Amino acid sequence: MTIIAALGCGMMAGVFFAFSAMVMPGLRRAEPAVGLAAMRAINLAVVNPAFTGVFLGTAVVGVVAAFEGDPWAWAGAALYVLGGIVLTGAFHVPRNNELERVGTTGHWTRYLREWVPMNHVRALLSLAAAASFTLAALD
């Protein structure tokens, strides 16, 4: 379970990193209406069994691995649940929903300013979780 949790966290860190390093900078370079439309389409497309399974399944597997008792696994579970699940639900999803409702180019500028830095945090916390689960697997 610990190795699966490490791999899931690593995969999610990669997804979040890809958004921070490529997707969002690319959308920022596009005309605001184009970037906005693309992000709205991405937000709809991300709700699918493959992404949801890895995103939520990693949290479940991580918590199960933590109950095996290793302190590094507990750290990994806490980091991923906080950085991946809680931050997404409390910060990113509301902004994604607001982008869908409001959808103006002026709002797009604010969205980028708020959404992207917190996505960096998701990537870093997920990577730290992957490292923690890796250390637990090595114990």
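Residues numbered from 1 in each chain as written. Predicted model: local features only at pLDDT ≥ 70, side-chain atom pairs only at ≥ 80, totals over all residues. Heavy atoms only, no water.

(A) Local environment of the packing of aromatic side chains. Overall, the coordinates contain five aromatic pairs when judged by the stated rule. Between the aromatic rings of Trp-108 and Tyr-111, the centroid separation amounts to 5.6 Å while the plane-to-plane angle is 15°, which identifies the pairing as stacked. Linking Trp-108 with Tyr-111, this pair stays in helix α5 (residues 105-138), spanning three residues, or about one helical turn. Classification of Trp-108 as buried rests on a relative accessible area of 2%. An aromatic cluster is defined as three or more aromatic residues linked by ring pairs; in this entry it consists of Phe-19, Trp-108, Tyr-111 and Trp-115. (Phe/Tyr/Trp six-rings, centres within 6.5 Å; stacked < 30°, edge-to-face > 60°. Helix = DSSP H or I, 4+ residues; strand = E, 2+ residues; numbered from the N terminus. Buried < 20%, exposed > 50% of the residue type's maximum accessible area, 1.4 Å probe, protein only.)

(B) Representation of the nonpolar core within the structure. Judged by nonpolar contacts, the single largest core of 18 residues is most densely connected at Cys-9, Met-12, Phe-16, Phe-55, Tyr-80 and Phe-133. Of all the elements in the fold, those that place two or more residues in this core are α1 (2-29), α3 (49-66), α4 (71-102) and α5. For Met-12, the residues in contact, after removing those within four places along its chain, are Phe-51, Val-54, Phe-55, Tyr-80 and Ser-126. With 11 residues, the next largest nonpolar core counts Met-24, Leu-36, Leu-112 and Val-116 among its residues. (Core = buried A, V, L, I, M, F, W, Y, C linked by side-chain atoms within 4.5 Å. Contact = heavy atoms within 4.5 Å.)

(C) Inspection of the pattern of salt bridges at higher detail. For the structure on display, the rule yields four salt bridges. Salt-bridge contacts for Arg-40 lead to Glu-100; the nearest nitrogen and oxygen are separated by 3.4 Å. Highlighted residues: Arg-40 in helix α2 (residues 32-45) and Glu-100 in helix α4, separated in sequence by 60 residues. The class for Arg-40 is partly exposed, based on a relative accessible area of 25%. Exposure remark for Glu-100: the relative accessible area of 36% places this residue in the partly exposed category. A salt bridge links Glu-98 to Arg-110, with the shortest nitrogen-to-oxygen separation between them at 3.2 Å. Here Glu-98 is found in helix α4, whereas its partner Arg-110 is found in helix α5, with 12 residues between them in sequence. Arg-110 gets classed as partly exposed once you look at its relative accessible area, which sits at 30%. Taken together, the salt bridges that share partners define one network made up of Arg-95, Glu-98, Arg-110 and Glu-114. (Salt bridge = Lys/Arg side-chain N within 4 Å of Asp/Glu carboxyl O.)

Keep in mind these numbers describe shape, not what the thing actually does.
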